[in-house]
Amino acid sequence: MDNRIDAIYGRQSIDKKDSISIESQFEFCRYELKGGEAKEYKDKGYSGKNIERPDFQRLLKDIRAGLIRRVIVYKLDRISRSIVDFAKLMELFKQYNVEFVSCTEKFDTSTPMGRAMLNICIVFAQLERESIQMRVQDAFYSRCAKGYYMRGRAPYGFDTEPIVMDGIKTKRLVENAEMDYAELMYEMYAEPENSYGDITRYFTENEIMVYGKTLKRGFVGQLLRNPVYVQADMDIYEYFKAQGAKIESPPELFTGEFSCYLYQGREGEENILVIAPHKGRIPSSLWLAVQHK
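Residues numbered from 1 in each chain as written. Predicted model: local features only at pLDDT ≥ 70, side-chain atom pairs only at ≥ 80, totals over all residues. Heavy atoms only, no water.

K.L.:
Describe in detail the pairing of strand S10 (residues 272-279), supporting the description with residues and values.
P.N.:
Most of S10 is tucked away: seven of the eight residues are buried. By the bridge criterion, two bridges tie strand S8 (residues 246-247) to S10 in an arrangement that is parallel. The residue bridging Ile247 from the neighbouring strand is Leu273, located in S10. Summarising the sheet, strand S9 (residues 258-263) and S10 pair through five bridges and their orientation is antiparallel. Directly across from Leu262, in S10, lies its bridge partner Leu273. (Buried < 20%, exposed > 50% of the residue type's maximum accessible area, 1.4 Å probe, protein only. Helix = DSSP H or I, 4+ residues; strand = E, 2+ residues; numbered from the N terminus. Pairing = 2+ DSSP bridges.)

Put into structure tokens, the structure is as follows:
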């Protein structure tokens, strides 16, 4: 006699109007029990992109302990949206003789047709997820190419202010008082005898803090390489063209009045350079001298 129990699993990423609640998922699953009992497992606030969820891991532990006969879910993607994870789970279920039932897709792995339908659904679930990721990436790089501010924290020496570009709300960088110190780093490093260490020692000795902390060499190097400070003219255009960057803005916009953003390209693609809507502070001759050094 099989003394194992049925298990119901529910997952909800976030609360929103078009998101079915875990309790509603359980109501659907209980129809499959035909009056029987089941142990309930639920994870609220967790994505389906992987299986690192507390209650789902508890369910897997119970499966390995030989306690579970059947796992019932409202829908396939409540378990996982990853075809790799799902394939591994199905192997685990098979190893421990655990049946899998999805209520809305109307199949279970106790039948050959159910197993075939499961494999088909896994493929389409993965396809849907990858399509969504691609659309998000396309939207991101489209906004990059138009010169929208697509970063988080403003670079040192800048604050952000809201603006509207081409009818789209975005942000623009504006200088603050710390920009004088950013410019000082460029001027000091351009001197042949100065190093990163000389700059950090000068800031420490003069009690100049950066974000409330002592200046570090790594921070200096990162700041000096960032083109967000430069007055973007044709010398800058030619420099990044020689570097192999994809320059989205036409040459006539490289007048030296505005600065630029350099965004990392997608895997296997060149970086993206675009004119930014804020003024540049560092002359191109100084910025390029620092890069060459």
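K.L.:
Account for the pattern of salt bridges, naming residues and giving values.
P.N.:
Within this structure, the stated rule accounts for 15 salt bridges. Of the charged contacts, one joins Arg70 and Asp6 as a salt bridge, the two residues approaching to 3.0 Å between their closest N and O atoms. A residue pair is termed long-range when its members are at least 10 positions apart, and Arg70 in strand S3 (residues 68-73) and Asp6 in strand S1 (residues 5-12) qualify at 64 residues. Judged by relative accessible area, which is 12%, Arg70 ranks as buried. Notably, a salt bridge pairs Glu40 with Arg30, separated by 2.7 Å at the nearest N-O pair. With Glu40 in strand S2 (residues 38-44) and Arg30 in helix H1 (residues 22-31), this residue pair connects regions lying ten residues apart in the sequence. Shared partners join several salt bridges into a network, and the residues in it are Glu23, Glu27, Arg30 and Glu40. (Salt bridge = Lys/Arg side-chain N within 4 Å of Asp/Glu carboxyl O.)

K.L.:
Outline the side chain of Ser249, supporting the account with residue identities and numerical values.
P.N.:
Here Ser249 is to be found in the loop between S8 and S9. Side-chain polar atoms of Ser249 contact the backbone nitrogen of Ile275, separated by 2.8 Å. (Polar contact = N/O pair within 3.5 Å; in protein donor to acceptor, adjacent residues only side chain to side chain.)

K.L.:
Pulling in residues and values, what's your account of empty space enclosed by the protein?
P.N.:
Scanning all chains against the criterion turns up one cavity of 30 Å³ or more. Its volume calculated, the largest cavity comes out at about 40 Å³. Of the residues that constitute the lining of the largest cavity, the class distribution is five nonpolar, one polar and one charged. (1 Å grid on protein atoms, 1.4 Å probe; cavity = no way out; pocket = protein on both sides within 12 Å on 5 of 7 lines; lining within 4 Å. Points joined across faces, edges and corners; volume = space filled by probe spheres on them. Nonpolar A, V, L, I, M, F, W, Y, C, P; charged D, E, K, R; others polar.)

K.L.:
Lay out the packing of aromatic side chains with the relevant residues and their values.
P.N.:
Using the criterion set out here, one finds 16 aromatic pairs in the structure. Seen from their ring centres, Tyr211 and Phe219 are 6.1 Å apart, and the 90 degrees between their planes marks the pair as edge-to-face. Here the aromatic rings of Tyr261 and Tyr263 are separated by 5.7 Å at their centres, their planes lie at 50 degrees, and the arrangement is tilted. Residue Tyr261 is classed as buried on the basis of its relative accessible area, which comes to 2%. Among the aromatic residues, those joined into a ring-pair cluster are Tyr156, Tyr211 and Phe219. Between Arg153 and the ring centre of Tyr211, over which it is positioned, the NZ or CZ distance is 3.7 Å. Across the ring face of Tyr189, the terminal group of Lys293 is positioned such that the distance to the ring centre comes to 4.3 Å. (Phe/Tyr/Trp six-rings, centres within 6.5 Å; stacked < 30°, edge-to-face > 60°. Lys NZ or Arg CZ within 6 Å of the ring centre and 35° of its normal.)

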